[in-house]
Amino acid sequence: MVNQSEDSSERAEDSSYNNTRRQFVAGSAGALGGLAAGGALTGSVFADEHGDEEEEENGEEEEEEEEEEMENEFEDDVDILNFALTLEYLEARFYRQGLDNIGEEALCNCDVLKEETYLHDVAFDELRTIQEHEESHVETLIATIEDLDGEPIEEPEFDFGIAVEYPMAFLGTAAQLEAIGVSAYAGAAPFIENEDLVPPALGIHSVEARHASFLQTLMGESGFPNVIDEPRSRQEVLELAGGFIVGEDEDGMPDDDDEETDDEEAPDDDEEAPDDDEEAPDDDEEAPDDGEEPDDDESSGNGNETDDS
């Protein structure tokens, strides 16, 4: 659960931030297909064009932003949940493979954790906790999809390469994946049609944000660098994270390479046909040899010539 007491104490320091955040949450919770967060999302990757009109009334500046409606890349709520499930599968598998391969000693003695600090002492256990969170998210999403009479996708095959072999590569990739996950939930939430799905979706989103903050801190960077994090579209997310998914392209569909492989197999079959044709002359050449062995064949042949004559 989100620790609201800590969040409120920090955000009370900046009332304008509080107002902006409420606008953002209201736009997401409404799930009306577009982010109506006023000027808070200027520069959003979802909008192709922005028209801003500024007016000043009673000494206060108001911004009115006209945005083109965002394109909905999802068929329905089940499609959104399966999109989220893909990312949770990826993160859960990534943490399990990385932590199992690298181990606590190597991880806690890497460049950013080798000093005897609080983070050095808790990093490995906290990362295991994150792994367990991701696995729980997988279970939750599967159950929700089934409750909607949908079919949860199977876990894809992943290839993380050196990111699950070397501590620094692992931590850096983990920070990136968590940031991608946060932006993915923010981008998909507005298109949820069933309002009952919004609270649990935002609940997972906030936990992913905590993961991202912790990973940024481990890497020696600010855990909260932005006032507002920009959402990402489905296509943008899969372009960033899809490289770890084996056999799928950036759209999450089966890779076209599979089709090309099938097409390439056809010429191989055609190439075998000439081999069969080449064997035929070999059979013809053997026929005379067979004919030389039995004298009866020769006499039979002579007999046929006599009949013809």
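Residues numbered from 1 in each chain as written. Predicted model: local features only at pLDDT ≥ 70, side-chain atom pairs only at ≥ 80, totals over all residues. Heavy atoms only, no water.

Novice: Could you clarify how one ought to interpret the pattern of salt bridges in this entry?
Specialist: Think of it this way: side chains of opposite charge can pair up when their charged atoms draw near. For the coordinates displayed, the defined rule picks out four salt bridges. For Glu-135, the salt bridge identified is with Arg-96, shortest N-O distance 2.8 Å. One end of the pair, Glu-135, is in helix 4 (residues 118-147); the other, Arg-96, is in helix 3 (residues 77-108), and 39 residues separate them in sequence. Judged by its relative accessible area of 33%, Arg-96 falls in the partly exposed class. (Salt bridge = Lys/Arg side-chain N within 4 Å of Asp/Glu carboxyl O. Helix = DSSP H or I, 4+ residues; strand = E, 2+ residues; numbered from the N terminus. Buried < 20%, exposed > 50% of the residue type's maximum accessible area, 1.4 Å probe, protein only.)

Novice: How do you make sense of the confidence of the model for the protein chain when you look at a structure like this?
Specialist: Low-pLDDT stretches of the model should not have their predicted coordinates read in fine detail. Of all residues in the protein chain, 57% attain a pLDDT of 70 or more, and the chain-wide mean is 73. Every residue in residues 1-67 scores below 50 in pLDDT, and together they form 88 contacts with partners more than four places removed in sequence or on other chains. Low pLDDT, under 50, characterises residues 256-309; the predicted model gives this stretch four contacts beyond four residues in sequence or across chains. (pLDDT = per-residue confidence, 0-100. Contact = heavy atoms within 4.5 Å.)

Novice: Please explain the packing of aromatic side chains as it appears in this structure.
Specialist: To describe a pair of aromatic rings, one takes the distance between the centres and the angle between the planes. Applying the stated criterion across every chain, the model contains eight aromatic pairs. A centroid spacing of 5.6 Å and a plane angle of 70 degrees characterise the contact between Phe-94 and Tyr-95, whose relative ring orientation is edge-to-face. The exposure class assigned to Phe-94 is buried, which follows from its relative accessible area of 0%. According to the relative accessible area criterion, Tyr-95 is buried, its value standing at 2%. Plain terms: the ring middles of Phe-94 and Phe-160 are 5.3 Å apart, the flat faces sit at 70 degrees to each other, and that makes the pair edge-to-face. With Phe-94 in helix 3 and Phe-160 in the loop between helix 4 and helix 5 (167-188), this pair connects stretches of sequence that are 66 residues apart. As far as the burial class goes, Phe-94 and Phe-160 line up, both buried. Chaining the aromatic ring pairs together yields one cluster made of Phe-94, Tyr-95, Phe-158, Phe-160, Phe-170 and Phe-244. (Phe/Tyr/Trp six-rings, centres within 6.5 Å; stacked < 30°, edge-to-face > 60°.)

Novice: Is there a simple way to explain the state of the cysteines in this structure?
Specialist: Should the sulfur atoms of two cysteines be covalently bonded, the bond is a disulfide. Within this structure, the stated rule accounts for zero disulfides. Summary of cysteine pairing: Cys-110 is not part of a disulfide, and the nearest cysteine sulfur, belonging to Cys-108, is at 7.5 Å. For Cys-110, a relative accessible area of 6% translates into the label buried. (Disulfide = S-S within 2.5 Å.)

Novice: Where do I start with empty space enclosed by the protein in this structure?
Specialist: Where empty space is left becomes clear once a probe the size of a water molecule has been rolled over the atoms. Scanning the entire structure with this criterion turns up three cavities of 30 Å³ or more. Roughly 200 Å³ of volume is contained in the largest cavity. Among the residues making up the lining of the largest cavity, the classes are represented as 16 nonpolar, three polar and no charged. (1 Å grid on protein atoms, 1.4 Å probe; cavity = no way out; pocket = protein on both sides within 12 Å on 5 of 7 lines; lining within 4 Å. Points joined across faces, edges and corners; volume = space filled by probe spheres on them. Nonpolar A, V, L, I, M, F, W, Y, C, P; charged D, E, K, R; others polar.)

Novice: Mind showing me how you'd approach the environment of Val-122 here?
Specialist: If you trace the backbone, Val-122 turns up in helix 4. The class of Val-122 is buried, set by a relative accessible area of 18%. Spatially, the C-alpha atoms of Val-122 and Cys-108 are 9.1 Å apart, while their sequence positions differ by 14 residues.

Novice: Mind showing me how you'd approach the environment of Val-246 here?
Specialist: Summarising the element assignment, Val-246 is placed in the loop between helix 7 (234-241) and helix 8 (256-292). The exposure class assigned to Val-246 is partly exposed, which follows from its relative accessible area of 37%. Placed 86 residues apart in sequence, Val-246 and Phe-160 show a C-alpha to C-alpha distance of 9.7 Å. What Val-246 contacts, discounting residues up to four positions off in sequence, is Glu-157, Phe-158 and Asp-159.

Novice: Where do I start with a negative patch on the surface in this structure?
Specialist: Together, Glu-104, Glu-105, Asp-125 and Glu-126 line one region of the surface with negative charge. Contributions of two or more residues to the negative patch are made by helix 3 and helix 4. Relative to the assigned elements, Glu-105 resides in helix 3. The exposed category is assigned to Glu-105, whose relative accessible area is 65%. (Patch = residues over 30% accessible without salt bridge, like charges linked within 9 Å, V, L, I, M, F, W, Y side chains within 5 Å. Areas by Shrake-Rupley, 256 points an atom, 1.4 Å probe, with all protein chains shown as cover. Lys, Arg positive; Asp, Glu negative; His and termini not counted. Charge placed at Lys NZ, Arg CZ, Asp CG, Glu CD.)

Novice: Just to check I follow, could you spell out the nonpolar core for this structure?
Specialist: Most often, soluble globular proteins keep nonpolar side chains buried together rather than apart. Core analysis: the largest hydrophobic core is formed by 52 residues, its most contacted members being Phe-94, Leu-107, Leu-127, Phe-170, Leu-171 and Leu-215. For this core, the secondary-structure elements that each account for two or more residues are helix 3, helix 4, helix 5, helix 6 (198-218) and helix 7. Apart from residues lying up to four places away in sequence, Leu-171 is in contact with Leu-107, Cys-110, Val-112, Leu-113, Leu-127, Leu-215, Leu-218 and Met-219. (Core = buried A, V, L, I, M, F, W, Y, C linked by side-chain atoms within 4.5 Å.)

Novice: Could you clarify how one ought to interpret the side chain of Asp-79 in this entry?
Specialist: Positionally, Asp-79 belongs in helix 3. The class of Asp-79 is buried, set by a relative accessible area of 15%. If sequence neighbours within four positions are ignored, Asp-79 has contacts with Glu-73, Phe-74 and Arg-234.

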